Amino acid sequence: MKRVVIYSDGACFGNPGPGGWAGVLLYDGRRMEISGGAEHTTNNRMELQAAIESLKALEEPCEAEFYTDSQYLQQGISSWIEKWKKNSWRTAAKQPVKNEDLWRELDRLAQRHRVNWHWLRGHVGARENERADSLARSEIRRLLD
């Protein structure tokens, strides 16, 4: 199984507002950068979209070390999602899970791979995380122009 390292980030100008997402994928000395955006979205949706698009970019099942500065993403996919599924996509407070459509898609894609989800503090100089942030923010600027 191929081993890949992924850094993803999402950003939003206003919340909601125009947003961007990005992924930096590293494999065997190669690098792929992907990004996109949405005119009216939230930061959490962009964080999820970044993870989804990063996993979609993998052409075959891989072992992935996945780094995000979003605790929402990391905790959601590592801890909360199994409870949500058992509770018919309801939170512990019996409310519908926000962004259920994206969580379902991320869950489906993650099942194809062996993913180790890591949280890292944002904006502390982690080079690839900073690059993902820069790409996501560039998408916002593109939408605002």
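So, a few notes on the structure that sits alongside this text. The shown structure was predicted, so the numbers you read here are calculated from the model rather than taken from an experiment. (Residues numbered from 1 in each chain as written. Predicted model: local features only at pLDDT ≥ 70, side-chain atom pairs only at ≥ 80, totals over all residues. Heavy atoms only, no water.)

### Considering the overall build of the protein chain
A count of helices and strands for the protein chain gives 4 helices and 5 strands. For 145 residues, the compact-globule formula gives about 15 Å, and the C-alpha radius of gyration of the protein chain, at 15 Å, lands near that figure. With the principal axes as the frame, the protein chain shows a C-alpha extent of 40 × 40 × 25 Å. Put simply, the protein chain has 145 residues, and 46% of those count as buried. When contacts within the protein chain are restricted to residue pairs at least 6 apart in sequence, those whose partners lie at least 24 apart make up 67%. Surface exposure of the protein chain reaches about 7,900 Å², of which carbon and sulfur atoms provide 46%. Taking the average location of the 22 positive side-chain charges in the protein chain and that of its 21 negative ones, the two points are 5 Å from each other. (Helix = DSSP H or I, 4+ residues; strand = E, 2+ residues; numbered from the N terminus. Rg over C-alpha atoms; globule rule 2.2 N^0.38 Å. Buried < 20%, exposed > 50% of the residue type's maximum accessible area, 1.4 Å probe, protein only. Contact = heavy atoms within 4.5 Å. Areas by Shrake-Rupley, 256 points an atom, 1.4 Å probe, with all protein chains shown as cover. Lys, Arg positive; Asp, Glu negative; His and termini not counted. Charge placed at Lys NZ, Arg CZ, Asp CG, Glu CD.)

### Concerning the sheet that holds strand E4 (residues 62-68)
A sheet is described by the order of its strands in space; here 5 strands give the open sequence E3-E2-E1-E4-E5, paired in mixed fashion. Because the sheet does not close on itself, it has two edges, and the strands there are strand E3 (30-41) and strand E5 (114-119). Across the sheet, the mean angle separating the axes of adjacent strands is 20° when strand polarity is ignored. Sheet topology places strand E2 (residues 17-27) next to E3; 10 bridges connect them, and they run antiparallel. Bridge pairing in E3 links Gly 20 to Gly 37. Contacts from helix H2 (residues 71-86) reach strand E1 (2-12), E4 and E5, with the element oriented near 140° to E5. (Pairing = 2+ DSSP bridges. Axes fitted to C-alpha atoms, helices over the stretch in contact; angles between N-to-C directions.)

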